[in-house]
Structure formats: structure tokens, C-alpha cells
Amino acid sequence: MFCVTLDAPDDFDGWRNAARNLALSKVPAQEVSWHVGASSGDLFGGAALPQVDPSASFAVPRPFVDLAQSAILHSDPERFALLYALLLHVRAGPGVVQDRADPLLRRVDMLAKAVRRDIHKMHAFVRFREIEAVDGAPARFVAWFEPDHHIVRANAGFFIRRFANMCWSILTPECSIHWDGNILREGPGAERGDAPAEDPVEDIWKGYYSAIFNPARLKVGAMMSEMPKKYWRNLPEASLIPDLIAGAQARESAMIAASPVPSKNIEAIPGARENWTELRAEAMTCTRCALHCTATQTVFGEGPADSRLMIVGEQPGDQEDLAGRPFVGPAGQVLNDALAKTEIDRSRTYLTNAVKHFKHELRGKRRIHQTPQTPEIEACRWWLGREIDAIRPPVILALGATAARAVLGKAVTIGKVRGAAIPLPTGQELWVTVHPSYLLRIPDAQKAEEERARFLDDLRLVRARLDGARLETV
Ligand code: URA
């Protein structure tokens, strides 16, 4: 048995050097035990690590290194062993890093995802509080944070870039980091009481939060999953949340009474638009439903910000999930072909999906599409509504029942609504047609041809509408 002792729980370099030596010496994963801390090596004993020629070549695919750098920050004590087992697996067949159905890769991928989520939370929820400066020393800001994983050192660069000119400390139970404007220092773990509980700008922050709080967008479940209660203790604005939630219904009713827009529909928010770039970045770490656990990534919409047509599909498929772009697989080819035939320029169209993560089930190594259900569609309407507000296209085309439902907030029968515009309360209009993958599944050749012709007819109507002189960008 070989025993590897790493210097710290996030010691990637130590893990990499040991794993390299072990792999070059062909040591199987079950013959290695991994530990953290200077004294644990003595405690666990074990044979000395094999010595290998330092110049021996050792190549691994870049995506594996990226994955390992994230996953190693997880608090799961098994992570070093899992990563070493995966390393051996990847060296035996480098294609494994692309094989989303591989159980070991999936397990490590889950670790990396949890770490990325924790990093996102740290970026969002660290709140610095000013401490009194003594003897003319520069002001110092201190924050308390309790991460789930070993992410503090790896995250220091983010806070240095963001608060380069401030002197700050971030205290956590495991370690602390201190920036004086020039040098980053590390210190031991701390306790909550070591950081100040409030500071003078707190009231300004609370005032800002109350002002931007939109009761019509309140989704308590989603809010709790985005901002779990454990972070509330450190957020000045959190003390306002119970009252704001309690008063939200009354405020929302007042807003609806004052507005002609029915609440079921996605509203055009008066005033400033959503910022698409920020929205997309936010959606990349979406955890509003469980689909993020099994999908590779969020597939957000794409297209010019001034698009006059938005096409909404159902959800990314297998290829879209891997590429991170909508409509690049077989259904995308059918759509491209139809757009070309009806002279709708895809490069001037915004394409997106009702649901932004790929829902599927595994059959052997194949990932089989599953239709998203109400909870996923509802959870993702949050993004679609904001996307529509960012782009504000005068015409929206929904491909299939899921897309139509997501835009309208209620189910419709495609056969009944296709061929005519559905006016939206925002002044935009919605057209509905079938989903291109439906056209791919029709077994009867003649019926398939008829349905394709109808699909083209629907697209021509949209095209004519886009040509209509009276359609202005909303
Ligand atoms: N089907 C969809 O609805 N959207 C895509 O992006 C791909 C296939």
C-alpha cells in the first residue's frame, strides 16, 4: 500500500505529482491511500512513493486537468482517490473525458459542479464590513464566510481583482486570507465573532435592496435555493426578507391593479431592459431545478441583441448539451434548412429554448431525450421571461407545445393555434408551429412531406410578418 500525504486539502500540485509518479509506475488505484496534513503520513505509514524519471512524458487531456482542478476542492474525502482512479481510466482511453455516460467521470463531474456552485455563492454572498481604522491606518474591510468546500485560496484572485484597492480580509472556519493592496497573506481559520456584525453603510445597502425588490417576481422556493438560509446570517439585506415576502402579495396585487397586463403572461418590464450578457452569465450557474445535476451545462439562447424574431425550442438535445449552443444537432439541421427555404436569416434571429438544461435518461451509454415537465418548464420561465425582456423581439415563434406553453404560461393545442398570430399583452406577437424533431419522427414518407410543407407555410407567415412595415422593435 502506498500512502500519499498532501500539504493541504486543496493541494492540487501535490496530488498531481504523486498521481503522476504512481501512474507511471502502474500502481492500481486500490493500492493508494490519500491523506492531508503533515503528520498523517506517519500515522498511516505505507511504502515510499515510487521514484520515476522526472523527464518521463506524461500527457493527459486538458479537460481532465480542468476537471481535476475543480473537483479537488470538494470536501469529499474520497476525491483524491476518485481522481486518481479517473486518471488511470483516462490514460487507458482518453475518450473517457468526453463520455458523459461514464459513471466515474459523472461522479467526479458532480464534485466539480458542486465546487463551482460554492464558488458562485462565495462571489455572490461575501459581504465586507468596515472596521474602525486606528492611528490613520487605511480602512480595513472584513467578511465572514462559510464555504462548503475548500475554495477560499482558489478564489482569492477573484476578490483581489474585484477589490484591488481595498484592504480586506475574508475569514472562514478553515483559513483566512488578507489583502493589503499589494500582498496576499494567509492565516488560520477564524470564528464568526472575529468579523464585525455590522457597519455604517449597512442601511444604504438595505435601502437599495428594498428598492430593487420586485414583488411580482418573488419565487420563494427559487430564492431559497439561490440564497440558502445559511448565508442569510451574513447578509445585511437578509433581515428584510421576511417582511418583504410577507408584504409581497399585497404589493403585487397593487401593481397588477395599476397595470393592464394580465399576470399569467411574461411581461415587458417597463424601463431598463435586462442586460443579456449578465443574464447569460447568471444562467450558467442556474440551480432552479434538478436538471443542472445531470446536464453538462446551461445552454442559453444566442443571437443578435436587436433580433426582430425570437425562436423558442423545447430544450437542448444531446449535441446542444455538449456544444453549449442551441439547435446544432439534427433538429437544428431541419430548422436551418427550413429557415433557408423561407429566407429567414438565422444569423439575424435569436434562438433559445424553453428549458435550458438537457433532460435525459441513460440507456447504456446513450442519453435519451426526455420531455421536460411542468416544474422544469416553470422553473425555466424565469430565464425565458428575462431573455424576452433583454431582446424584446416583436415576433416570437414557438416550436412545439413546450415552447408555446412557456411563452404563454398555459397549454395550447398546436393544431388549433398555428397559422395565426397570438397577440401578447406586451404588444409582441406569438406564432406557434410544430417542433422540427416531430418532423424527423414521422414514419410515413407522404405524411412527413405534408408536415414539412405545413411547417414551411408557418415559417413563411412569420417571414411575411417580419416584412410587415408596421412591426417595430418593442
Ligand atoms: N431541440 C430543441 O428544442 N432545442 C435545441 O436546441 C435542440 C433541439
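Residues numbered from 1 in each chain as written. Predicted model: local features only at pLDDT ≥ 70, side-chain atom pairs only at ≥ 80, totals over all residues. Heavy atoms only, no water.

1. Quick word on the overall build of the protein
Reasoning step 1: For the protein, the count of helices and strands is 18 helices and 14 strands.
Reasoning step 2: When each of the 474 residues of the protein is scored for burial, the buried share is 48%.
Reasoning step 3: Contacts in the protein between residues far apart in sequence, at least 24 positions, make up 73% of those at least 6 positions apart.
Reasoning step 4: In the form shown here, the protein has an accessible surface area of approximately 23400 Å², with 54% of it arising from carbon and sulfur atoms. (Helix = DSSP H or I, 4+ residues; strand = E, 2+ residues; numbered from the N terminus. Buried < 20%, exposed > 50% of the residue type's maximum accessible area, 1.4 Å probe, protein only. Contact = heavy atoms within 4.5 Å. Areas by Shrake-Rupley, 256 points an atom, 1.4 Å probe, with all protein chains shown as cover.)

2. Some thoughts on the packing of helix H13 (residues 330-341) against helix H18 (residues 445-467)
Reasoning step 1: Two numbers describe how H13 lies on H18: the axes approach to 10 Å, and their chain directions differ by 55°. As summarised for this structure, H13 and H18 are arranged oblique, according to the angle between their axes. Crossing of H13 against H18: the hand is right-handed. When H13 is examined against H18, the residues Val334, Leu335, Ala338, Leu339 and Lys341 are found in contact with a partner set consisting of Arg452, Phe455, Leu456 and Leu459.
Reasoning step 2: Among the residues forming the contact of H13 with H18, the class breakdown is 7 nonpolar, no polar and 2 charged. (Axes fitted to C-alpha atoms, helices over the stretch in contact; angles between N-to-C directions. Parallel < 35°, antiparallel > 145°, perpendicular 65-115°, else oblique. Left-handed = near helix turned anticlockwise from the far one by under 90°. Nonpolar A, V, L, I, M, F, W, Y, C, P; charged D, E, K, R; others polar.)

3. Points about the nonpolar core
Reasoning step 1: Core analysis: the largest hydrophobic core is formed by 53 residues, its most contacted members being Leu309, Val312, Ile396, Leu397, Leu430, Val432 and Phe455.
Reasoning step 2: With 7 residues, the single largest contributor to this core is helix H14 (residues 374-391).
Reasoning step 3: In this structure, Val312 is in contact with Thr352, Asn353, Ala354, Leu384, Ile396, Leu397, Ala398, Leu399, Ala403 and Val407, ignoring residues within four places of it in sequence.
Reasoning step 4: Within the second largest apolar cluster, 52 residues are counted, among which are Val126, Phe145, Ile151 and Ala156. (Core = buried A, V, L, I, M, F, W, Y, C linked by side-chain atoms within 4.5 Å.)

4. Observations regarding the pairing of strand S7 (residues 184-188)
Reasoning step 1: By the bridge criterion, 5 bridges tie strand S6 (residues 175-179) to S7 in an arrangement that is antiparallel. Its bridge partner lying in S7, Trp179 is registered against Leu184. (Pairing = 2+ DSSP bridges.)

5. Some remarks on the sheet that holds S7
Reasoning step 1: Across the sheet, which stays open at both edges, the 5 strands sit in the order S3-S4-S5-S6-S7 with mixed pairing between neighbours. Two strands bound the open sheet, and with one partner strand each, they are strand S3 (129-131) and S7. Between one strand axis and the next, the sheet turns through 25° on average, direction left out of account.
Reasoning step 2: Summarising the sheet, strand S5 (residues 167-171) and S6 pair through 4 bridges and their orientation is antiparallel. What sits directly across from Leu171, in S6, is Ser176.

6. Concerning the packing of aromatic side chains
Reasoning step 1: The final tally for this structure, using the stated rule, is 12 aromatic pairs.
Reasoning step 2: Relative to Phe159, the ring of Phe158 lies with its centre 5.0 Å away and its plane at 85°, an arrangement referred to as edge-to-face. An identical accessibility class is assigned to Phe158 and Phe159; each is buried.
Reasoning step 3: An aromatic cluster is present here, built from Phe12, Trp15, Trp34, Phe80 and Tyr84 joined pairwise through their rings. (Phe/Tyr/Trp six-rings, centres within 6.5 Å; stacked < 30°, edge-to-face > 60°.)

7. Some points on the site of the ligand
Reasoning step 1: Surveying the vicinity of the ligand reveals the residues Gly313, Glu314, Gln315, Pro316, Gly317, Glu320, Pro326, Phe327, Ala331, Asn353 and His435.
Reasoning step 2: Here an oxygen atom of the ligand sits 2.7 Å away from a polar atom, N or O, in the main chain of Glu314.
Reasoning step 3: In the environment of the ligand, a nitrogen atom lies 3.0 Å from a nitrogen or oxygen atom belonging to the backbone of Gln315.
Reasoning step 4: Protein coverage of the free-state accessible area of the ligand, which is 240 Å², stands at 94%.
Reasoning step 5: Its residues assigned to classes, the shell around the ligand shows 4 nonpolar, 5 polar and 2 charged. (Near = heavy atom within 4 Å. Polar contact = N/O pair within 3.5 Å; in protein donor to acceptor, adjacent residues only side chain to side chain.)

8. A few points about the pairing of strand S1 (residues 2-6)
Reasoning step 1: Of all 5 residues in S1, 4 are buried; the element is thus mostly enclosed.
Reasoning step 2: As paired elements, S1 and strand S2 (residues 32-36) share 5 bridges and run parallel to each other. Across the sheet, the residue bridging to Cys3 is Ser33, located in S2.
Reasoning step 3: Handedness of the S1-helix H1 (residues 12-24)-S2 crossover: right-handed. (Right-handed = clockwise from strand over helix to strand, strands pointing away.)

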